[in-house]
Amino acid sequence: MRNETEDLQQLEKLRKEIFLTSYRAGTGHLASAYSSLEILYTLYIKRCIHVTPQSIQDADRDKLILSKGHGSLALYCVLAEAGFFPKEELKKFAQPGGILGGEPHKLEVPGVEATTGSLGHGLSLGAGMAYADQLDKRTSRTYVILGDGECEEGSIWEAAMAAAKYKLDHLVAILDYNRIQKMSAVEETIGITSWDEKWKAFGWEVTHVPGHDVKKLCECFENITYQGKPHIIVADTIKGHGVSVMENNPVWHWKQPNRKELRIIAAELEITQEELEDAKSIH
Amino acid sequence: MQKAYINTMYQLMSKNPDVMLLMADSGTAYDKMLMEDFPKQYVNVGIAEENLIGMAAGMAAGGKIPFVFSNGAFLAYRGFEFIRDDVCLQKNNVKLIGMGSGLSISTLGPSHHTTEDIGVLRTLPGLKILSPATPRELEAVMKYACEYHGPVYIRMGMGGECEFHADEDICFDGKNVEFLSGEDICIFCTGSILEEVYRAIELVKEQGCHPALVNVVALKPFDEVRVVDYANRYKKFLTVEEHNIHGGLGSILAEVIAEKHLAVELKVLGLNDCFAGGYGTQKQLRKINGLDAMSIAKQILEMVCYE
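Just so we're clear, the structure is a prediction, and the values are computed from it rather than from any experiment.

> Which residues make up the overall build of chain A, and what values do they have?
Looking only at helices and strands, chain A has 10 helices and five strands in total. For chain A, the spread of C-alpha atoms along the principal axes amounts to about 55 × 45 × 40 Å. When each of the 283 residues of chain A is scored for burial, the buried share is 57%. When contacts within chain A are restricted to residue pairs at least 6 apart in sequence, long-range pairs at least 24 apart make up 75% of them. Within chain A, the 41 negative side-chain charges are centred at a point lying 1 Å from the centre of the 32 positive side-chain charges.

Laid out in structure tokens, this is it:
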């Protein structure tokens, strides 16, 4: 119980950090970051993924690709919290002299395994990494976080077929199933999604998990077994989770708050007036 | 070329278990031989060029040396963003072999012609573009690519290319070699069209014209220093390529001439900002599109006689 309370407190702190990082820069995909936050928190802070700042060069480390690169704010704040780079770097998000861009770049950010941004690339990259691990008999896992809107990209399904064919059972995709993409709902955009049936039909092992429940996410990662099939964890999430004005509202795909919204967000995330002023005075 | 590719690939894969060969259902019966002898190093992802390149990039990140073999048109056009974002932007050690360069897939029409690949791929930072003209050059270039750490695109013909090198073992060092020295004009060509240019030179020699010939294997990075030297010796340049006149070898030379303030006359011979017309053998297609030995010879003589 104490652990769960601590998790909630830490997640609130991270939500605040994510907001201030974006607010300072005046840019960022906030709602997408809030959708994936607990997934990344469970992996890096609850140590479900086997990689540390000290092991990022080890061949047998676990790897994670944020294929939905828009979620970068969550990844950065979690990686900084886990010690992959100094938190000071967050203050230079999307600013000259900083290493943290709107989309994560492998060659600049410690702990980032692949440069992403254009959708539909991460699963192929992950399949290639998992193939190399399988060939060299390493037991490490490759995690790939996909957006549900992202699954409209054809290349996702090219990679899905190849991963199943090559029995890449150490490849673990996590579908951030928040049902919303840039302009509207995913189902409104592309019709019936039926992700479970689709991924099963492509030869994947499908598991469901409430995507904001750290304990359930932990169990889910721990319970993965290797049966010759790649895994996809369909994580039920809410785009903008934890911030009332952003939740389930496509407008927040790439937006900064107006004054009224700022008051609400500040109250919910316990951000003081001083912190807001401080964030804006940094440049 | 096919034979040289298979033999070299066989050597590279048997010497180093990290060398991988990736296909998008794009091989031949010979590639199946590689599959049988190196089942783990051989990957066929199906007809899926985007995933082909993305997976290769992932394997490279995992320490492998992936060679990707597919039609150059499908790699360069369909796969462009994957080459850009996954290979070049992340500096992944991927070797792309674009086969069927130029008009070599001559019966299927422009969908299968690789006549804009240099133009589009040349814009990508950090991608070496190599264009061997003969089987021995291909072998040398593949061995070089395997040793070099970084992204490489190899433009490979498949039209039964002749061998112009007497030495069995040639070494590629990134330089573009003057095949023939001459007097009146310097011709630059790249890839399989070397044989047409050679024949054109024989034709104009009969008329008393003696062109020099530079076989351009390294399109990027391009050996600019030597071009300055050639410009000092020859006042006229003619470029010949199975490629659109925009963005390819002719454009590369034009850029060097402008940047280095070289006082030379330049004529660019290729597809005149069009898709290649007609069907037939590669030779017939070259003729239809003004890229056969006779057409090239005519251009040479026009340039030389224009004093």
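> Give a description of the overall build of chain B that names residues and reports values.
When its secondary structure is counted, chain B shows 12 helices and 12 strands. Taken over the C-alpha trace, chain B has a radius of gyration of 19 Å; the compact-globule value for 307 residues is 19 Å, and the two agree within 12%. If you line up chain B on its principal axes, its C-alpha atoms span 60 × 40 × 35 Å. The 307 residues of chain B split such that 60% are buried. Across chain B, the fraction of contacts at a sequence separation of at least 24, relative to all contacts at a separation of at least 6, is 78%. On chain B, roughly 12,000 Å² of surface is accessible, and the fraction owed to carbon and sulfur atoms is 53%. In chain B, 28 side chains carry a positive charge and 40 a negative one; their mean positions are 2 Å apart.

> Outline the side chain of H231 of chain A, supporting the account with residue identities and numerical values.
The residue H231 of chain A is located in strand 5 (residues 231-236) in this model. A polar contact of 3.1 Å, which involves the side chain of H231 of chain A, links it to the backbone oxygen of T225 of chain A.

> Please set out the sheet that holds strand 4 (residues 205-210) of chain A residue by residue, giving values where relevant.
Residues and elements named next belong to chain A. With parallel pairing, the five strands of this open sheet are ordered in space as 1-2-3-5-4. The two strands at the open ends of the sheet, each matched to only one other strand, are strand 1 (63-66) and strand 4. Each adjacent strand pair in this sheet contributes to an overall mean axis angle of 20 degrees, direction not counted. Two strands pair when backbone bridges link them, and strand 4 and strand 5 are joined in this way by six bridges, in the parallel orientation. By the bridge assignment, T207 is partnered in strand 5 with I233. Across the face of the sheet, helix 4 (residues 122-135) comes into contact with strand 1, strand 2 (142-147) and strand 3 (171-177) while running at roughly 170 degrees to strand 2.

> I'd like a rundown of the sheet that holds strand 11 (residues 236-244) of chain B, residues and numbers included.
Residues and elements named next belong to chain B. The strand order across the open sheet built from five strands is 7-9-8-11-12, with neighbouring strands paired in mixed fashion. In this open sheet, the two edge strands, each paired with only one partner strand, are strand 7 (177-180) and strand 12 (265-271). Recorded for the sheet is a direction-independent mean angle of 25 degrees between the axes of neighbouring strands. By the bridge criterion, four bridges tie strand 8 (residues 186-189) to strand 11 in an arrangement that is parallel. Pairing of C189 across the sheet is with V240, part of strand 11. Across the face of the sheet, helix 12 (residues 293-305) comes into contact with strand 8, strand 11 and strand 12 while running at roughly 155 degrees to strand 11.

> Residue-level account of the domain arrangement of chain B, with values.
How big an interface is tends to be expressed through the accessible area that disappears when the partners come together. All names here are of chain B. Split into domains, chain B comes out as domain 1 (2-156) and domain 2 (177-305). In this structure, domain 1 and domain 2 have C-alpha centres spaced 26 Å apart. Between domain 1 and domain 2, the contact holds 31 residues from the first and 31 residues from the second. Inspection of the region where domain 1 meets domain 2 yields one salt bridge. Counting the contacts that link domain 1 with domain 2 gives 17 residue pairs in polar contact (both at pLDDT 80 or more). When residues of the side of domain 1 that touches domain 2 are traced back to their parent elements, those giving at least two are helix 6 (117-121), strand 5 (128-130) and helix 7 (135-147). Tallied by class, the residues present in the side of domain 1 that touches domain 2 amount to 12 nonpolar, 13 polar and six charged.

> Hey, could you go over the interface of chain A and chain B for me, with residue numbers and the actual values?
Taken together, the contact pairs 25 residues of chain A with 27 residues of chain B. Applying the counting rule to chain A against chain B returns one salt bridge. Across the pair K64 of chain B and D136 of chain A runs a salt bridge, and its minimum N-O distance is 2.7 Å. Looking at the side of chain A that touches chain B, the elements with two or more residues in it are helix 4 and helix 5 (154-165) of chain A. Looking at which element gives the most residues to the side of chain A that touches chain B, the answer is helix 4 of chain A, with eight residues. Looking at the side of chain A that touches chain B residue by residue, the classes come out as 11 nonpolar, eight polar and six charged.

> Quick one: what's the story with the pattern of salt bridges, residue by residue and with numbers?
Residues and elements named next belong to chain B. Inspection of the entire model under this criterion finds 33 salt bridges over all chains. K283 is the salt-bridge partner of E196, the closest N and O atoms lying 3.3 Å from each other. Of this pair, E196 sits in helix 8 (residues 194-205) while K283 sits in helix 11 (residues 282-288), and the two are 87 residues apart along the sequence. Note that K236 and E265 form a salt bridge whose closest N and O atoms lie 3.8 Å from each other.

> Explain the pairing of strand 1 (residues 19-23) of chain B to me, using residue names and the numbers behind them.
Residues and elements named next belong to chain B. Across the five residues of strand 1, five count as buried, placing the element largely inside the fold. With burial as the criterion, each face of strand 1 is covered, one bearing V19, L21 and M23 and the other bearing M20 and L22. In the sheet, strand 1 pairs with strand 3 (residues 65-71) via five bridges, with the strands oriented parallel. Counted as the bridge partner of M20 is P66 from strand 3. The pairing of strand 1 with strand 2 (residues 42-44) spans three bridges and is parallel. Note on strand 2: the bridge partner recorded for L21 is Y42.

What counts, and where the lines are drawn
- Residues numbered from 1 in each chain as written.
- Chains lettered and ligands numbered in written order.
- Predicted model: local features only at pLDDT ≥ 70, side-chain atom pairs only at ≥ 80, totals over all residues.
- Heavy atoms only, no water.
- Helix = DSSP H or I, 4+ residues; strand = E, 2+ residues; numbered from the N terminus.
- Buried < 20%, exposed > 50% of the residue type's maximum accessible area, 1.4 Å probe, protein only.
- Contact = heavy atoms within 4.5 Å.
- Lys, Arg positive; Asp, Glu negative; His and termini not counted.
- Charge placed at Lys NZ, Arg CZ, Asp CG, Glu CD.
- Rg over C-alpha atoms; globule rule 2.2 N^0.38 Å.
- Areas by Shrake-Rupley, 256 points an atom, 1.4 Å probe, with all protein chains shown as cover.
- Polar contact = N/O pair within 3.5 Å; in protein donor to acceptor, adjacent residues only side chain to side chain.
- Pairing = 2+ DSSP bridges.
- Axes fitted to C-alpha atoms, helices over the stretch in contact; angles between N-to-C directions.
- Domains from an automatic or database assignment.
- Salt bridge = Lys/Arg side-chain N within 4 Å of Asp/Glu carboxyl O.
- Nonpolar A, V, L, I, M, F, W, Y, C, P; charged D, E, K, R; others polar.

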